[in-house]
Amino acid sequence: MISRGERLANYVILSAFAAFALFPILSILFAALGPDDSADATGQGLSVAGLHLGNFSAAWEIGHFGSYLRTSLAVSAFVVVVSVVLSIMSGYAFGTMRFRGQSVLFYLFMLGIMMPSEAIAVPLYFDLRSLGLIDTFWSVALPQVALSVAFGTFWMRAYFRASSRAIVEAARIDGASTWRILWQVLVPPARPAVVTLTVLVFMWTWNEFLIPLIMVTSESLRTAPLGLAFFQGQYTSGFTLLAAGSVIVATPVVIFYLFLQRHFVRGLLQGAVRE
Amino acid sequence: MSVARPPGEPRRVAYLYLLPAFVIYAAFLLYPIGRAVQLSLYDWDGLSVGRWAGLSNYAAIVADEGLRDAFVHALVLVGFYAVAPLAIGLMLAAILNHAKVRGLGFFRTVVFLPQVVAMVVVAVAWRRVYAPDGTLNGLLDALGLDSLTRGWLGDYTFALPAVGVVGTWFETGLVTVLLLAGMSRIPPELYEAARLDGAGAVKEFFAVTLPSVRGEIAVALTLTVIAALRTFDLVYITTRGGPGNSTSVPSYEVYHRAFGLSQIGSAAAIGVTLTVIIFAISFVINRFADRGAS
């Protein structure tokens, strides 16, 4: 059906494109594993089989990435847990119940899915400043909960609407409360949808740049991408440690991606799909 | 509480389930967007008392050349972020769907990878590619094209396209994977029918493949156009809007005016305008797709 020449051409096109997609990422990785190119590099540190793993510990120390990762981890954990739990609850209300003002409230939530954070970050900064909340954990975490909860509500509502009514009805007739129906009947089989939501919110929060950039001034509250941006501006004596820092910042999400790829693809592709 | 409530009967308990999400959402998203609209009607430096400005901050977006340029640059980026990935993605997906090649899973993993890497990291990687002693110039030298080498991000003509190519790079994988999913759902009978009618590969593509993935195209355009209009991290790290203002974009102007120039009203007006444009564009794209489908 397909000639050998055509098949070969297809492989060539695919390989070329895969190489194009990988090239900038791999060049960072190789630079991070190569010998330190900075002028003031003294000993080359730990080196295993030609891989200069010492670059990572050097970047970790010089660039303070330990502190940035800790902040990112704390912010991400808070945003993921709070917004997933709140989204499950609000998605449950929208997906299985009927109440006055339902569609108006739902459209209000939908506004947030497309809302650019640029538009809200500026007024938020000035309002939080007058409340004395600027440069705190909350000023970084709570706006991101708000942004995530919009998508999460949409996502969980779609799931609960499609889930079986019969099971809910049976539980209801057994006298289960709405609370028990949600957590003991509906949520356990919803695990795939919840996992997708979790990895998406984690990725968005971990990679977010603008909100920490605006809200944070003290170094101890810098998230990993923000710390990398500062490191890039200040550390100019070579590329190796900057590359090592970049690898440190990107790795957590990439690892999640490699293991839970299906969830990332499904979530990102369906994120904009309305019914 | 009655036990045998039929589903869909009004339930006031729903408000309790909505309340926690709504409180945070209202405080940190709905209220700020309202405040943004309010601030956009004032001239305010962030410290002293604001002065009523009416719609002059919005008028400036049209009248002020620098601001108008920022929106024009965003439009140029739409070409790189949305149009180019769609063209390349359609071609790649059609090839992959047509020929049952091996290693499709690996290919999908690789081309989707740029989507999950933090944009700051992407920007650091591409700065390296575009640097005067960077990879791109090295490649041009090796090919004997050293007359073309330059500091790409510092060049008035090439800085914006250079930023745009990064957008093409990270959106093409997303678009390809999305279109592949759509094409795999096209029933094979449609292709057989087209072939019986004597359609060649090109005609088959336009008669069968393209109309069948209209919905996926709409989704791809919505995602990529919005991403193009919202470009911030990439510009902040690679060019800071420079050289001159040749790569300034609306999101960067919001940040720059609010925190660099202390023109909060103007920053808020740009943010509100950007929001309205994003809503309008996604509405139009989806309308277009819906009408085409029916």
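Residues numbered from 1 in each chain as written. Chains lettered and ligands numbered in written order. Predicted model: local features only at pLDDT ≥ 70, side-chain atom pairs only at ≥ 80, totals over all residues.

A. Layout of the overall build of chain A. Counting its secondary structure elements, chain A contains 13 helices and zero strands. When the elements of chain A are put in sequence order from the N terminus, they spell out α-α-α-α-α-α-α-α-α-α-α-α-α. Taken along its principal axes, the extent of the C-alpha atoms in chain A is 75 × 70 × 35 Å. (Helix = DSSP H or I, 4+ residues; strand = E, 2+ residues; numbered from the N terminus.)

B. Structural view of the overall build of chain B. Along its length, chain B carries 13 helices and two strands. Taken over the C-alpha trace, chain B has a radius of gyration of 24 Å; the compact-globule value for 294 residues is 19 Å, which it surpasses by more than 25%. C-alpha extents for chain B along the principal axes are approximately 80 × 75 × 30 Å. Scored against the burial criterion, the 294 residues of chain B give a buried share of 44%. Contacts in chain B between residues far apart in sequence, at least 24 positions, make up 71% of those at least 6 positions apart. (Rg over C-alpha atoms; globule rule 2.2 N^0.38 Å. Buried ≥ 20, exposed ≤ 12 C-beta atoms within 10 Å, placed from the backbone. Contact = placed C-beta atoms within 7 Å.)

C. View of the interface of chain A and chain B. Each partner contributes to the interface: chain A provides 79 residues, whereas chain B provides 78 residues. When residues of the side of chain A that touches chain B are assigned to their parent elements, the largest contribution, 14 residues, is made by helix α1 (residues 4–33) of chain A. Split by residue class, the side of chain A that touches chain B holds 57 nonpolar, 12 polar and 10 charged. (Nonpolar A, V, L, I, M, F, W, Y, C, P; charged D, E, K, R; others polar.)

D. A look at the packing of helix α3 (residues 65–98) of chain B against helix α10 (residues 214–229) of chain B. Residue and element names in this part refer to chain B. At their nearest, the axes of α3 and α10 sit 8 Å apart, and the two run at 150 degrees to each other. Here the hand of the crossing between α3 and α10 comes out right-handed. Between α3 and α10, the residues in contact are Ala74, Leu77, Val78, Tyr81, Ala82, Pro85 and Leu86 and Ile217, Ala220, Leu221, Thr224, Val225, Ala227, Ala228 and Leu229, respectively. Looking at the contact of α3 with α10 residue by residue, the class counts come to 14 nonpolar, one polar and no charged. (Axes fitted to C-alpha atoms, helices over the stretch in contact; angles between N-to-C directions. Left-handed = near helix turned anticlockwise from the far one by under 90°.)

E. Geometry of helix α7 (residues 159–183) of chain B. Residues and elements named next belong to chain B. Taking 1.5 Å of rise per residue, 25 residues should cover 36 Å, and α7 covers 36 Å from first to last C-alpha, within 8% of that figure. At Glu171, α7 shows its largest bend, some 35 degrees. Of all 25 residues making up α7, 22 are buried, and the element is well covered by its neighbours. (Expected span 1.5 Å × (residues − 1). Bend = angle between axes of the 7 residues up to and from the residue.)

F. Inspection of the environment of Met119(B) at higher detail. Within the element layout of this structure, Met119(B) appears in helix α5 (residues 119–130). For Met119(B), a count of 21 C-beta atoms within 10 Å corresponds to the buried category. Once the C-alpha coordinates of Met119(B) and Thr231(B) are considered, the two residues, 112 residues apart in sequence, prove to be 9.9 Å apart. Beyond its immediate sequence surroundings of up to four residues, Met119(B) is in contact with Asn207(A), Phe209(A), Asp233(B) and Leu234(B).

G. How the structure looks around unusual backbone geometry. Look at the link from Gly242(B) to Pro243(B): it is a cis peptide, with omega at -5 degrees. In this fold, Pro243(B) is placed in the loop between α11 (233–238) and α12 (250–259). A positive phi angle is found at His64(A), which is not glycine, with a value near 55 degrees. Note that His64(A) resides in the loop between α2 (54–62) and α3 (65–96).

H. The arrangement of the confidence of the model for chain B in detail. All names here are of chain B. Taken residue by residue, chain B gives an average pLDDT of 88. The fraction at 70 or more is 95%. For chain B, the element scoring lowest by mean pLDDT is helix α8 (residues 188–196), at 85; helix α1 (residues 13–39) scores highest, at 95. Reported confidences for the modelled complex are a pTM of 0.90 and an ipTM of 0.89. (pLDDT = per-residue confidence, 0-100.)

I. Representation of α1(A) within the structure. Along its length, α1(A) shows its largest kink, about 45 degrees, at Phe23(A), and proline Pro24(A) lies within four residues downstream of that point. Residues Leu14(A), Phe17(A), Ala21(A), Pro24(A), Ile25(A), Ile28(A), Ala31(A) and Ala32(A) constitute the buried set of α1(A). Where α1(A) is buried, its residues meet α2 and α12 (240–259) of chain A together with α3, α4 (104–112), α5 and α7 of chain B.

J. Inspection of the environment of Ala59(B) at higher detail. You can see Ala59(B) is positioned in helix α2 (residues 56–63). A sequence separation of 210 residues divides Ala59(B) from Ala269(B), and the C-alpha atoms of the two residues are 9.6 Å apart.

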